[in-house]
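# A closer look at the structure
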Amino acid sequence: MGKATGFIDYKRIKEPERDAKKRTEDWLEYRLPMPEKDLTTQAARCMDCGVPFCSVGMEIKNGVSGCPLHNLIPEWNDAVYRGDFFEALQLLLKTNNFPEFTGRICPAPCEGSCTVSISEPAVGIKSIEYAIIEHAFKEGWIKPNPPEKRTGKRVAVIGSGPAGLACADQLNQAGHSVTVFEKSDRIGGLLMYGIPTMKLEKAQVNRRVHLMKQEGIEFKTNCDVGNDISLTELKRDFDALVLATGASKPRDVGLPGRDAKGIYFAVPYLTEATISQLEENGGSVLSAKDKNVIIIGGGDTGADCVATALRQGAKSIRQLSISSEPQKERTTKNPWPEYPRVLKNDYAHEEAKAIYGKDPREYLLSTTAFVKNEDGRLIGIETVQVKEDLAKQQYQEVPGTEQFYEADMVLIAVGFMGATEDIFENFNVNKTKRHTIEAAKGFYRTSEAGIFACGDARHGQSLVVTAIAEGREAAREVDFYLMGETFLP
Ligand code: FAD
């Protein structure tokens with residue numbers, strides 16, 4: 001531990017961010033690196049509590065508590081406090097293949113279960129992680145590191161999101177020849193198309209993919225496996241297959257008027273926005289410019305839609321949630337070290353307040369119908385207020401609270417319903433009740449011999465950090481399957 005009294009001596013410093021209004025004029029990352037002088041005191045706040053819940057990575061009540069990668073947080077905090085960034089990097093890379101992603105976009109379950117957070121704001125773990133990896137890139141410490149020997153075994157990883165990339169990276173390090181297949185035109189899964197640029201600039205994804213290519217991993221884009229290549233062909237050419245195909249089937253809102261023109265799912269909308277930044281003539285069809293935009297769904301995906309619509313120049317933005325406004329502090333039903341289910345002021349909400357003067361979120365509102373004009377174009381939505389019946393775990397409509405909201409664009413961001421149907425048909429794998437690929441955690445084997453599954457496709461929609469953890473663990477099982485022993489962590 002760096003400084004025994006650090007958690008008493010120093011206050012938590014919030015991660016620096018660009019000005020909330022100014023940053024909506026571009027698509028660059030909204031976060032700024034923490035100055036190194038502040039990092040020392042922030043790392044010193046780690047009390048080396050002895051039982052580091054920050055790295056426990058357990059699921060408690062459907063939420064992640066602590067880091068699923070079991071990052072060696074107290075150890076690298078100590079190294080940063082001593083100014084030894086090289087040692088901090090070695091510790092960080094032991095458990096995390098892509099700290100440049102998690103250091104930017106992880107909701108940091110580690111901080112929610114940090115022991116300091118029982119009485120004070122948690123240690124700023126995420127900003128320290130971000131600093132370690134970016135310092136390393138700047139110093140030129142991150143270099144291609146191909147394996148010394150090849151095993152002669154070939155593995156196909158299907159899907160290039162964080163789960164597929166982590167799995168490919170580990171298997172390549174073990175000496176297997178890995179090909180990553182991706183049906184989209186760019187590598188990265190939701191890191192590329194889904195998570196907006198202002199949270200994660202796409203150059204960061206490309207930087208990592210470039211390194212992986214230099215290390216010998218082959219990438220094939222625009223290849224929809226199962227449709228463009230059959231399972232029989234893959235089984236002929238590869239010794240094992242890993243399905244890391246995500247859980248992209250969106251939950252719909254089946255209401256009258258749903259066929260109105262102007263209603264879109266969140267991910268295709270966010271994807272178009274990214275394409276329009278990456279390509280001169282691409283992806284402008286779904287722009288929110290000059291529109292009254294309503295986002296249905298109060299979660300993080302909805303927040304990303306708020307920030308995107310803001311940058312496109314929306315006339316107005318509302319984000320509607322059927323749930324009640326979360327409490328500002330933990331309640332007794334959500335004690336430490338559970339993931340804190342408290343009101344978050346996301347980057348998008350700060351920006352909306354700076355531009356429109358108010359928070360775009362409205363709670364306890366249920367949409368009852370979409371309203372369209374005679375041309376079939378959306379003109380608004382009908383809503384009613386609801387109250388929570390906690391005993392029945394239901395929402396009840398409050399009579400007389402019906403309201404019409406004008407809208408030219410509605411974005412649906414109410415979650416996901418597991419993997420797409422073609423995955424089960426094309427790969428002949430069993431599905432769970434939650435419509436994900438059946439494969440037990442820790443084993444990752446599907447019902448089909450030689451086919452493994454990991455990430456959201458197995459787990460259901462989760463976090464980048466969970467996907468990386470699953471990719472790593474699945475790689476270990478694949479290595480064991482191929483070699484009869486494994487040295488992967
Ligand atoms: P994905 O990232 O979904 O990747 C799956 C890939 O498989 C896709 O590229 C897909 O095209 C490909 N694929 C599918 N089928 C085939 C096929 N047949 N052949 C070839 N390729 C195929 N998590 C965070 O931690 N922080 C965040 O800030 C955050 N923001 C998010 C924002 C949005 C809008 C969304 C939707 C999710 C967000 N998440 C975030 C969740 C996180 O992105 C996912 O949990 C994570 O990306 C899952 O990784 P994955 O590799 O399992 O799947």
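Bear in mind the structure is a predicted one, so any value in this text is a computation, not a measurement. (Residues numbered from 1 in each chain as written. Predicted model: local features only at pLDDT ≥ 70, side-chain atom pairs only at ≥ 80, totals over all residues. Heavy atoms only, no water.)

### A look at the pairing of strand S4 (residues 177-181)
The buried fraction of S4 amounts to four of the five residues, a majority that puts the element mostly inside the structure. Read from strand S3 (residues 154-158) through helix H8 (residues 162-173) to S4, the crossover connection turns out right-handed. Traced from S4 through helix H9 (residues 202-214) to strand S5 (residues 218-220), the parallel crossover comes out right-handed. (Buried < 20%, exposed > 50% of the residue type's maximum accessible area, 1.4 Å probe, protein only. Helix = DSSP H or I, 4+ residues; strand = E, 2+ residues; numbered from the N terminus. Right-handed = clockwise from strand over helix to strand, strands pointing away.)

### A look at the nonpolar core
Counting residues in each nonpolar core, the largest one holds 73 residues, and the members touching the most others are Trp76, Ile132 and Leu191. The biggest single contributor to this core is helix H16 (residues 464-483), with nine residues. Taken domain by domain, the makeup of this core includes at least three residues from each of domain 1 (6-139) and domain 2 (154-248 + 417-483). Non-local contacts of Ile132, meaning those with residues more than four positions away in its chain, are made with Trp76, Val80, Phe85, Ala88, Leu89 and Leu92. In this structure, Ile295, Ala309, Ala348 and Leu411 belong to the second largest nonpolar core, which totals 23 residues. (Core = buried A, V, L, I, M, F, W, Y, C linked by side-chain atoms within 4.5 Å. Domains from an automatic or database assignment. Contact = heavy atoms within 4.5 Å.)

### Topic: the packing of helix H12 (residues 300-312) against helix H13 (residues 347-356)
Direction vectors running N to C along H12 and H13 enclose 40°, while the axes themselves pass 8 Å from each other. By the angle between their directions, the pair H12 and H13 is classed as oblique. In this structure, the crossing between H12 and H13 has a hand that is left-handed. Only Tyr347, Ala348, His349, Glu351, Ala352, Ile355 and Tyr356 of H13 make contact with H12, whose side of the interface consists of Ala303, Asp304, Val306, Ala307, Leu310 and Arg311. (Axes fitted to C-alpha atoms, helices over the stretch in contact; angles between N-to-C directions. Parallel < 35°, antiparallel > 145°, perpendicular 65-115°, else oblique. Left-handed = near helix turned anticlockwise from the far one by under 90°.)

### Some details on the packing of aromatic side chains
Within the structure shown, the criterion is met by six aromatic pairs. Arranged with centres 5.4 Å apart and planes meeting at 70°, the rings of Phe452 and Tyr481 form a pair that is edge-to-face. Placement of the pair is Phe452 in strand S16 (residues 451-453) and Tyr481 in helix H16, with a sequence separation of 29 residues. Given the relative accessible area of 1%, Phe452 is considered buried. The residue whose ring lies beneath Arg207 is Phe137, and the NZ or CZ to ring-centre distance is 3.5 Å. We note Arg258 situated over the ring of Phe265; from NZ or CZ to the ring centre the distance is 5.3 Å. (Phe/Tyr/Trp six-rings, centres within 6.5 Å; stacked < 30°, edge-to-face > 60°. Lys NZ or Arg CZ within 6 Å of the ring centre and 35° of its normal.)

### Topic: the sheet that holds S4
As summarised here, the arrangement of the five strands in space is S5-S4-S3-S6-S16, forming an open sheet in which the pairing is parallel. The sheet is open, and its two edges are formed by S5 and S16, each paired on a single side. Along the sheet, successive strands turn relative to each other by an average axial angle of 20°, direction set aside. As judged from the three bridges shared by strand S6 (residues 240-243) and S16, these two strands associate in the parallel manner. Within S16, the residue paired with Val242 across the bridge is Phe452. Running at roughly 165° to S4, H8 makes contact with S3, S4, S5 and S6 of the sheet. (Pairing = 2+ DSSP bridges.)

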